[in-house]
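Listed below, chain by chain, are the residues.
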Amino acid sequence: MKKKVALHNLGCKVNAYEVEAMQQLLESAGYEIVPFEPGADIYLINTCTVTNIADRKSRQMLHKAKKMNPNAVVIATGCYAQTDEGKLDQDESVDLIIGNNQKKDIVKILEEYEQHHRKQKSVIRISGEKKYEELAISRTAEHVRAYIKVQDGCNQFCTYCIIPYARGRVRSRRISQVLEEVRNLAQKGYKEVVLTGIHLSSYGVDFPEEERQTLLSLIQAIHEIKGIERIRLGSLEPGIITEEFAEKISRLPKMCPHFHLSLQSGCDKTLKNMNRRYTSDEYAEKCALLRKYFHNPALTTDVIVGFPMETEEDFRESYNFVDNIHFYETHIFKYSRRHGTKAATMGGQLTEAKKAERSDKMLELNEKHAKEYEQSMLGQVLKVLLEEETEINGQKWYVGHSMEYIKTAVKKNNEYKINDIVQVKVCDFLEEHMLTGQVLKAW
């Protein structure tokens, strides 16, 4: 009788990719994948540790799993398992602890546990690890778009971030392995790939000089794969946006003009306290470069408010910078004190009320900018990848995203279907943050 495995993911797109890869390894080994509900024999939780709240959610999900079936094997994998293995050692809800760079061995680790039924852990000293953990997927939960992990680890050590301790140093995936995975997905009909990593901009820096590849050379190689129609990038650091990089990717028709450039603050003093390694002026130059080579690209970013020692003047400087750049979307995070980071020991910690106040102001600004950018698309022709069918106001629609990642809907008919790309002459808003228009062409 097949053992039933339920999986649950917490955290980022890299974590989500790794869960899908582990699921497919388990399926290949004969396990049955079931929903994360009572009745499973094995529960696997891929944990997150980016904030103290993420730690707490990770523990809660592990305890929930054991309550759903006290006789089940509960597995903690991922970043929280890597950084707080000591706590999990003492946690009676957890049977197996699997750190980062050990997930590829999930089947073997489970088989060993079945022999002895003793609590065990597979956690290495991640800071000394130089080998990329080779995981791959043959399909993904999204039916038209595939997220591809190409890099792990980070060398930056921003003062607020625990991730270098959870993920280790930069490790890049061999370009041949990436291309093989993308080709397989293209053959199965996936038309869009999104390149992801813990610090994507560092792709290739760890390769020997004679084997040196860069994110640019990886993008160019993927661009040649038949069947792939769109290439999208995960979060980038400003430093990777050079004149050469922007100019060369702008020549690639499959490149989506949608760039997430991590900012964190528009105040130079705060950037220095965060150890972000660029100034606001340098960041603005990178945005200008992208706008030089791409027509009206969608620029999105992350901003932390309420960082230690951020004064009202500092916040206003950051707010004004974000306002002047005119991002399409700004993801706002209230600073969360993370034990084990330099920022956690800094003076000038702000109250939660002050953080919330600043967050609300940034969120209002984000809403204003998002509407302005979407309105700029009225009358334009967008290429939309159709992703799902839905019903709105009694009418059936196909909904997808443009190259700029703007949600766009078209009326359902027999001329096109899910996973088709359609040219849409945008004429109106169907709903808030959802455009609609007339289909001019489909393929």
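Please refer to the structure higher up on the page.
Computed from a prediction, not measured in an experiment: that's the story for all the values here. (Residues numbered from 1 in each chain as written. Predicted model: local features only at pLDDT ≥ 70, side-chain atom pairs only at ≥ 80, totals over all residues. Heavy atoms only, no water.)

S.K.: Help me understand the overall build of the protein chain, please; the structure alone is not making it clear to me.
M.R.: Counting its secondary structure elements, the protein chain contains 13 helices and 18 strands. Computed over the C-alpha atoms, the radius of gyration of the protein chain is 23 Å, within 12% of the 22 Å expected from 2.2 N^0.38 for a compact globule of 443 residues. Dimensions of the protein chain along its principal axes, counting C-alpha atoms only, are 65 × 60 × 55 Å. In the protein chain, buried positions account for 54% of the 443 residues. Counting contacts in the protein chain only where the partners sit at least 6 residues apart, residues at least 24 apart contribute 73% of the total. When the accessible surface of the protein chain is split by element, carbon and sulfur atoms take 48% of a total near 19,800 Å². (Helix = DSSP H or I, 4+ residues; strand = E, 2+ residues; numbered from the N terminus. Rg over C-alpha atoms; globule rule 2.2 N^0.38 Å. Buried < 20%, exposed > 50% of the residue type's maximum accessible area, 1.4 Å probe, protein only. Contact = heavy atoms within 4.5 Å. Areas by Shrake-Rupley, 256 points an atom, 1.4 Å probe, with all protein chains shown as cover.)

S.K.: Would you take a moment to explain helix H13 (residues 352-375) for this structure?
M.R.: Since one α-helical turn is 3.6 residues long, residues separated by three or four positions face the same way. If you check H13, its first and last C-alpha atoms are 34 Å apart, about what 24 residues at 1.5 Å a residue would give, namely 34 Å. Residues of H13 that are buried make contact with strand E12 (298-305), helix H12 (312-325), strand E13 (329-334), strand E17 (421-431) and strand E18 (434-442). (Expected span 1.5 Å × (residues − 1).)

S.K.: Looking at this model, I keep getting lost on the packing of helix H9 (residues 243-250) against helix H11 (residues 280-293). Mind explaining?
M.R.: Pairs of packed helices are described in terms of their axes, by the angle between the two and the distance that separates them. Their axes nearest at 9 Å, the elements H9 and H11 cross at an angle of 30 degrees. Between H9 and H11, the angle falls in the class roughly parallel. As for the relative orientation of H9 and H11, their crossing is right-handed in sense. Here H9 contributes Glu-243, Ala-246, Glu-247 and Ser-250 to the contact with H11, which in turn contributes Leu-289, Lys-292 and Tyr-293. Of the residues contributing to the contact of H9 with H11, the split by class is 3 nonpolar, 1 polar and 3 charged. (Axes fitted to C-alpha atoms, helices over the stretch in contact; angles between N-to-C directions. Parallel < 35°, antiparallel > 145°, perpendicular 65-115°, else oblique. Left-handed = near helix turned anticlockwise from the far one by under 90°. Nonpolar A, V, L, I, M, F, W, Y, C, P; charged D, E, K, R; others polar.)

S.K.: Sorry, what's going on with the nonpolar core here?
M.R.: As a rule of thumb, nonpolar side chains are buried together in soluble globular proteins. Counting residues in hydrophobic clusters, the biggest one holds 57 residues, and the most contacted among them are Leu-195, Leu-215 and Ile-219. Beyond its immediate stretch of four places on either side in the chain, Leu-195 contacts Ile-148, Val-150, Leu-200, Leu-215, Leu-218, Ile-219, Ile-222, Arg-232, Leu-233 and Gly-234. The next biggest cluster of nonpolar side chains, apart from the first, holds 21 residues, and it includes Cys-48, Leu-62, Val-74 and Val-94. (Core = buried A, V, L, I, M, F, W, Y, C linked by side-chain atoms within 4.5 Å.)

S.K.: Just checking my understanding: could you explain a negative patch on the surface for this structure?
M.R.: A contiguous patch of negative charge, built from Asp-268, Asp-281, Glu-282, Glu-285, Glu-313 and Glu-317, is present on the exposed surface. Of all the elements, H11 adds the most residues to the negative patch, at 3 residues. As for its position among the elements, Asp-268 is in helix H10 (residues 268-274). (Patch = residues over 30% accessible without salt bridge, like charges linked within 9 Å, V, L, I, M, F, W, Y side chains within 5 Å. Salt bridge = Lys/Arg side-chain N within 4 Å of Asp/Glu carboxyl O. Lys, Arg positive; Asp, Glu negative; His and termini not counted. Charge placed at Lys NZ, Arg CZ, Asp CG, Glu CD.)

S.K.: Help me understand the packing of helix H7 (residues 175-187) against helix H8 (residues 215-223), please; the structure alone is not making it clear to me.
M.R.: Running from amino to carboxyl end, H7 crosses H8 at an angle of 30 degrees, the nearest separation of the two axes being 10 Å. Here H7 runs over H8; the crossing is right-handed. Counted together, Ile-175, Val-178, Leu-179 and Val-182 of H7 and Ser-217, Leu-218, Ala-221 and Ile-222 of H8 form the full contact between these two elements. Along the lines of polarity and charge, the residues of the contact of H7 with H8 split into 7 nonpolar, 1 polar and no charged.

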